[in-house]
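Observations on the three-dimensional arrangement
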Amino acid sequence: MSEKEILGQKLENIKFLLPYIRRGPHAEGDMDILDNALFAVRNSTPGQLLQDICQDEWNRAKLLPTLWYLIGTHQIGFNIHQKLTMQTPIWSIRS
(Lines give C-alpha, C1' and ligand atoms only; values in the text may rest on other atoms or scores of the structure.)
Protein backbone atom coordinates (compact mmCIF):
# COMPACT_ATOMS: atom_id res chain seq x y z
CA MET A 1 0.00 0.00 0.00
CA SER A 2 1.22 3.45 -0.81
CA GLU A 3 1.07 6.44 1.55
CA LYS A 4 -1.67 7.94 -0.62
CA GLU A 5 -3.85 4.82 -0.22
CA ILE A 6 -3.35 4.75 3.56
CA LEU A 7 -4.14 8.44 3.98
CA GLY A 8 -7.10 8.02 1.65
CA GLN A 9 -8.70 5.30 3.77
CA LYS A 10 -7.97 7.16 7.00
CA LEU A 11 -9.64 10.24 5.56
CA GLU A 12 -12.64 8.20 4.40
CA ASN A 13 -13.05 6.74 7.89
CA ILE A 14 -12.83 10.19 9.47
CA LYS A 15 -15.40 11.58 7.03
CA PHE A 16 -17.72 8.66 7.82
CA LEU A 17 -17.38 9.04 11.62
CA LEU A 18 -17.48 12.84 11.79
CA PRO A 19 -21.30 13.20 11.72
CA TYR A 20 -21.60 10.74 14.62
CA ILE A 21 -18.96 12.63 16.59
CA ARG A 22 -20.61 15.99 15.90
CA ARG A 23 -23.95 14.76 17.24
CA GLY A 24 -22.27 14.71 20.61
CA PRO A 25 -22.54 12.22 23.41
CA HIS A 26 -25.26 9.63 23.15
CA ALA A 27 -27.28 8.09 25.96
CA GLU A 28 -24.83 7.10 28.66
CA GLY A 29 -26.71 3.85 29.27
CA ASP A 30 -26.26 2.83 25.63
CA MET A 31 -22.57 3.73 25.75
CA ASP A 32 -22.15 1.62 28.90
CA ILE A 33 -23.93 -1.36 27.31
CA LEU A 34 -21.62 -1.27 24.29
CA ASP A 35 -18.46 -0.63 26.29
CA ASN A 36 -19.17 -3.37 28.84
CA ALA A 37 -20.09 -5.91 26.16
CA LEU A 38 -16.90 -5.23 24.22
CA PHE A 39 -14.80 -5.28 27.40
CA ALA A 40 -16.20 -8.73 28.20
CA VAL A 41 -15.09 -10.19 24.85
CA ARG A 42 -12.10 -7.83 24.32
CA ASN A 43 -12.25 -8.13 20.48
CA SER A 44 -15.16 -8.23 18.07
CA THR A 45 -16.60 -6.52 15.02
CA PRO A 46 -19.37 -3.91 15.00
CA GLY A 47 -21.81 -6.42 13.53
CA GLN A 48 -20.96 -9.22 15.95
CA LEU A 49 -20.94 -6.95 18.98
CA LEU A 50 -24.40 -5.61 18.21
CA GLN A 51 -25.71 -9.11 17.56
CA ASP A 52 -24.24 -10.31 20.86
CA ILE A 53 -26.00 -7.49 22.71
CA CYS A 54 -29.47 -7.78 21.19
CA GLN A 55 -31.27 -10.12 18.84
CA ASP A 56 -33.77 -7.51 17.66
CA GLU A 57 -32.60 -5.70 14.53
CA TRP A 58 -34.38 -2.48 15.57
CA ASN A 59 -32.45 -2.35 18.84
CA ARG A 60 -29.21 -3.03 16.97
CA ALA A 61 -30.05 -0.15 14.62
CA LYS A 62 -30.73 2.08 17.63
CA LEU A 63 -27.30 1.27 19.13
CA LEU A 64 -25.31 1.62 15.90
CA PRO A 65 -24.90 5.44 15.94
CA THR A 66 -23.67 5.21 19.53
CA LEU A 67 -21.15 2.55 18.51
CA TRP A 68 -19.84 4.77 15.69
CA TYR A 69 -19.61 7.65 18.18
CA LEU A 70 -17.53 5.53 20.59
CA ILE A 71 -15.25 4.44 17.76
CA GLY A 72 -14.94 7.98 16.41
CA THR A 73 -14.05 9.40 19.82
CA HIS A 74 -11.40 6.70 20.41
CA GLN A 75 -13.31 5.04 23.25
CA ILE A 76 -13.25 1.83 21.20
CA GLY A 77 -10.19 0.88 19.20
CA PHE A 78 -9.89 0.01 15.51
CA ASN A 79 -7.26 0.32 12.78
CA ILE A 80 -8.05 3.68 11.21
CA HIS A 81 -6.10 2.69 8.09
CA GLN A 82 -8.51 -0.20 7.44
CA LYS A 83 -11.91 0.46 5.88
CA LEU A 84 -14.51 0.70 8.65
CA THR A 85 -17.36 -1.75 8.04
CA MET A 86 -19.57 -3.98 10.13
CA GLN A 87 -16.84 -6.65 9.83
CA THR A 88 -13.87 -4.48 10.83
CA PRO A 89 -12.06 -5.73 13.96
CA ILE A 90 -12.66 -3.52 16.98
CA TRP A 91 -11.34 -3.86 20.51
CA SER A 92 -11.82 -2.57 24.02
CA ILE A 93 -9.26 0.00 25.11
CA ARG A 94 -10.20 -0.43 28.79
CA SER A 95 -7.61 -2.19 30.88
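To be clear, the structure that these remarks concern was listed above.
This paragraph deals with the sheet that holds strand S1 (residues 43-44). Spatially, 3 strands are ordered S1-S3-S2 in an open sheet, and the strand pairing comes out antiparallel. With partners counted over all chains shown, the strands left at the sheet margins are S1 and strand S2 (76-78), one partner each. With 3 bridges connecting them, S2 and strand S3 (residues 90-92) associate as antiparallel partners. Following the sheet pairing, Phe78 is matched in S3 by Ile90.

On to the packing of aromatic side chains. A full pass over the atoms with the stated rule returns 2 aromatic pairs. Taking the centre distance of 5.6 Å and the plane angle of 55 degrees together, the rings of Phe16 and Tyr20 count as tilted. Here Phe16 pairs with Tyr20, and both are found in helix H1 (residues 3-22), just 4 residues apart, close to one helical turn. Owing to a relative accessible area of 33%, Phe16 belongs among the partly exposed residues under this scheme. Ring centres of Phe16 and Trp68 lie 5.2 Å apart, and the angle between their planes is 80 degrees; this geometry places the pair in the edge-to-face category.

Conventions and cut-offs
Residues numbered from 1 in each chain as written. Predicted model: local features only at pLDDT ≥ 70, side-chain atom pairs only at ≥ 80, totals over all residues. Heavy atoms only, no water. Pairing = 2+ DSSP bridges. Helix = DSSP H or I, 4+ residues; strand = E, 2+ residues; numbered from the N terminus. Phe/Tyr/Trp six-rings, centres within 6.5 Å; stacked < 30°, edge-to-face > 60°. Buried < 20%, exposed > 50% of the residue type's maximum accessible area, 1.4 Å probe, protein only.

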